Structure formats: C-alpha cells, structure tokens
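A closer look at the structure
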Amino acid sequence: CSSAKAGSRAAAGDLGAGEGGDDEDVEDDEESAAESGDDDAESQASAGDADPTSAAGAARKQLAQAEALFAVVFAVRLAGPAALLHVLPLVAQDLHATEEAPRLRAVALLGRLFTDAETDTPLARQFRKPFQEFLARMRDRSKAVRRSVVETAGRLLAWHEDLAEDARPLVVERISDPDTEVRLKAVEVACDAAALRASVPMADVLAAVGERARDRHPGVRKDAVTGLAQVFCSTVVKMWMGCDDDG
C-alpha cells in the first residue's frame, strides 16, 4: 500500500513538505544558469513565440484549453452544484497526471471554480475531496503549478475565512519555497490577505513573511518588508477608524 502511494506521489511530481525552506543552494545554481542563458533566450524569444511547438507556444495552447474547459464547466455549474457531481471529480483526476500540462490546466480551472464570487456557497465546501487534492498541489514538483495554487490560496485567505484554515499552513510552507517566483507570489498573497482581513489571526503567516526579510533574493526581501508595512498601515488605519466610531 505504501509503495502504491509513493508511486502515485512520484507520478504527480510532489514536492515534500520539508523540501522548501532556506535550502536555496539549488535555486542559486538555477538562477546562475538562467542568467548565463539570458542572451540566448532573448535571441530565440520571437521565434519561440511564433512556433506552436515551443515552450511559449505550448503554454499559450494550454491556457486556451483551460479557458475553453472553464467555459464549459462553468456553464454546467450554472445549472446547480448537483450538475458538477460527476464533472468536478473528473477534472480533479488531472491533478495527479504525470505530465505538468494537465496538472497546470486542472489547477487553473479548479482555482477559479473554488473561489467563484457569484455564489454564497463555495464549491470547495461541497466537494471537499477535490478541494483538498487541489490544495495539495502547493507541494507539486512543478513551480508553475505551485505558483498557480498559491495565487488561488491568497483569494481563500482574503475572502473565505472558513476555507482559509485548510490553505494557510500550505501558504506558510510556500513562503519559504525553493523557487524565487513562488516565494514572491506567496509573500504577495499573504500580505494582501492580511491587509484586507486585519481582524483574522494570521500570526503564523506574517511570521513566515518576516523570515523572508532575510531572504537571499533582493526582490523577496523587498516584497516582505513592504508587504509587512502594508499590513501594519492597514491595521493601524482600521484601529483608528474603530476609535472614531466609538466616539
């Protein structure tokens, strides 16, 4: 049984819970390699954009497919949650695909459905298993998948307090993600949510953001400091407004 679970985890490309944090030596190597290849990438960018077989062309194709699929599933969703009883689990199956593209398409679609602002009863409450599987993709091996789910988790933190309890520990992990872009997105959504919902306890989230003030990447350090300042200002303003209302 344990070997089967391990095989499934490997197929989906999971990132272990302890594989984030401050171990950024791999990231440094990746950034150095990326910097050395900047000139080559720029010279090939226009050709890659026009070629549908290139990475950029494939990404645009996947985005178009996700948009088309979302339109179909959302049309079904308008008929009522019961109409998604069999559709949503089928979409969630792609979360465990071996290839990155189906997983990225699935998290893009599910992220929009689970944070739909047009309903008072979020689908995440009615489809708990697909929702938990979706959140688990914050530990995906693909940084693009992790970043996409982190972005959705930010909306959960800001607007769905009961659902935020499931997302918050995973957001804390991703604030220390080994990839710079994922850390930047996690810091951004955490601070935005904390500024919007100053009354909601987020001590663990803000403590993790504070640790990023010592990040090796200057952009992460800057966003962490300015984000915490944003939260502080928002909290103080709301406190002052409360005092004025009390007379």
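Residues numbered from 1 in each chain as written. Predicted model: local features only at pLDDT ≥ 70, side-chain atom pairs only at ≥ 80, totals over all residues. Heavy atoms only, no water.

1. So, the overall build of the protein
On a plain count of helices and strands, the protein comes out with 13 helices and 0 strands. Of the regular secondary structure in the protein, the N- to C-terminal order runs α-α-α-α-α-α-α-α-α-α-α-α-α. Every one of the 247 residues in the protein was classed for burial, and the buried ones make up 41%. The contacts in the protein between residues at least 6 apart in sequence include a share of 68% that link residues at least 24 apart. Split by element, the accessible area of the protein, about 13,200 Å² in all, is 57% carbon and sulfur. (Helix = DSSP H or I, 4+ residues; strand = E, 2+ residues; numbered from the N terminus. Buried < 20%, exposed > 50% of the residue type's maximum accessible area, 1.4 Å probe, protein only. Contact = heavy atoms within 4.5 Å. Areas by Shrake-Rupley, 256 points an atom, 1.4 Å probe, with all protein chains shown as cover.)

2. Things to note about the packing of helix α9 (residues 143–159) against helix α10 (residues 161–174)
Viewed as axis vectors pointing N to C, α9 and α10 meet at an angle of 140 degrees, and their least axial separation amounts to 8 Å. Classified by the angle their axes make, α9 and α10 are oblique. By crossing handedness, the relation of α9 to α10 is classed as left-handed. Contacts between α9 and α10 involve Arg 146, Val 150, Ala 153, Leu 156, Leu 157 and Trp 159 on the former and, on the latter, Glu 161, Leu 163, Ala 164, Ala 167, Arg 168, Val 171 and Arg 174. Counted by class, the contact of α9 with α10 contains 9 nonpolar, no polar and 4 charged residues. (Axes fitted to C-alpha atoms, helices over the stretch in contact; angles between N-to-C directions. Parallel < 35°, antiparallel > 145°, perpendicular 65-115°, else oblique. Left-handed = near helix turned anticlockwise from the far one by under 90°. Nonpolar A, V, L, I, M, F, W, Y, C, P; charged D, E, K, R; others polar.)

3. Here's the deal with the packing of helix α8 (residues 128–136) against α9
At a minimum axis separation of 9 Å, α8 and α9 run at an interaxial angle of 125 degrees. On the basis of their axis angle, the class for α8 and α9 is oblique. Touching Phe 131, Phe 134 and Leu 135 of α8 are Val 149, Thr 152 and Leu 156, all from α9. Along the lines of polarity and charge, the residues of the contact of α8 with α9 split into 5 nonpolar, 1 polar and no charged.

4. Details of the pattern of salt bridges
Two side chains of opposite charge can pair, provided their charged atoms sit close to one another. For the structure on display, the rule yields 16 salt bridges. Each of Arg 139, Arg 146, Glu 173, Arg 174 and Asp 177 takes part in salt bridges that share partners, so that together they form one network. (Salt bridge = Lys/Arg side-chain N within 4 Å of Asp/Glu carboxyl O.)

5. A few points about α9
With 17 residues, α9 should cover 24 Å at 1.5 Å per step; its first-to-last C-alpha distance of 25 Å lies within 8% of that length. One side-chain oxygen at the N-terminal end of α9 lies 3.3 Å from the backbone nitrogen of Ala 144; it belongs to Ser 142. (Expected span 1.5 Å × (residues − 1). Polar contact = N/O pair within 3.5 Å; in protein donor to acceptor, adjacent residues only side chain to side chain.)

6. Describing α8
When α8 is considered as a whole, its buried residues turn out to be Pro 130, Phe 131, Glu 133, Phe 134 and Leu 135. Close packing links the buried residues of α8 with α5 (87–93), α6 (100–114), α7 (123–126), α9 and α10.

7. Looking at the packing of aromatic side chains
Considering all chains together, one arrives at 2 aromatic pairs under this definition. Taken together, a centroid distance of 5.3 Å and an interplanar angle of 80 degrees make the contact between Phe 114 and Phe 131 edge-to-face. Here Phe 114 is found in helix α6, whereas its partner Phe 131 is found in helix α8, with 17 residues between them in sequence. As far as burial versus exposure is concerned, Phe 114 and Phe 131 are alike and both buried. Taken together, the ring pairs in this structure connect Phe 114, Phe 131 and Phe 134 into an aromatic cluster. (Phe/Tyr/Trp six-rings, centres within 6.5 Å; stacked < 30°, edge-to-face > 60°.)

8. Section: the confidence of the model for the protein
Residues at a pLDDT of 70 or more form 59% of the protein, whose mean pLDDT is 76. In this model residues 2–8 is a low-confidence stretch, pLDDT under 50, and it forms 0 contacts with partners more than four residues away in sequence or in other chains. Per-residue pLDDT stays below 50 along residues 21–50; that stretch engages in 21 contacts with residues further than four places along the chain or on separate chains. (pLDDT = per-residue confidence, 0-100.)

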